[in-house]
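An overview of the molecular structure
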Amino acid sequence: MENTTNAMETAITTITGAMPNVFELVETVLTEVLGNPILVIPLAISFIGIGVGVYKMLRKAV
């Protein structure tokens, strides 16, 4: 039982320690995508699709 607890603590510590690296990676990707006009178009299209889906869900809820 103690080994399981230690393994869980180690896993949580590792995941928590990696979070700044993940955020830095996402920031770098977004900076590159937003700096390239051709890559902004698919990003904008995906946001429009998400917005339409949310609007449809809200319309059904009312």
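Everything below is about the structure shown above.
As a starting point, this report considers the structure included with it. (Residues numbered from 1 in each chain as written. Predicted model: local features only at pLDDT ≥ 70, side-chain atom pairs only at ≥ 80, totals over all residues. Heavy atoms only, no water.)

Some words on the overall build of the chain
Secondary structure summary: the chain contains 2 helices and 0 strands in total. Since a compact globule built from 62 residues should have a radius of gyration of about 11 Å, the 20 Å found for the chain marks it as more spread out than a globular shape. Along the first, second and third principal axes, the C-alpha set of the chain runs to 50 × 40 × 10 Å. Within the chain, the fraction of its 62 residues that count as buried is 2%. Approximately 5700 Å² of the chain is accessible, and the part contributed by carbon and sulfur atoms is 73%. (Helix = DSSP H or I, 4+ residues; strand = E, 2+ residues; numbered from the N terminus. Rg over C-alpha atoms; globule rule 2.2 N^0.38 Å. Buried < 20%, exposed > 50% of the residue type's maximum accessible area, 1.4 Å probe, protein only. Areas by Shrake-Rupley, 256 points an atom, 1.4 Å probe, with all protein chains shown as cover.)

Comments concerning a nonpolar patch on the surface
On the surface, a nonpolar cluster with roughly 650 Å² of combined accessible area is contributed by Ile15, Met19, Val22, Phe23, Val26, Leu30 and Leu34. Tracing the backbone shows Val22 in helix H1 (residues 2-34). A relative accessible area of 39% places Val22 in the partly exposed class. (Patch = residues over 30% accessible without salt bridge, like charges linked within 9 Å, V, L, I, M, F, W, Y side chains within 5 Å. Salt bridge = Lys/Arg side-chain N within 4 Å of Asp/Glu carboxyl O.)

Focus on the environment of Leu39
Tracing the backbone through its elements, the reader meets Leu39 in helix H2 (residues 37-61). With relative accessibility at 40%, the residue Leu39 sits in the partly exposed group. In this structure, the C-alpha to C-alpha distance between Leu39 and Thr10, residues 29 residues apart in sequence, is 39 Å. What Leu39 contacts, discounting residues up to four positions off in sequence, is Glu32 and Val33. (Contact = heavy atoms within 4.5 Å.)

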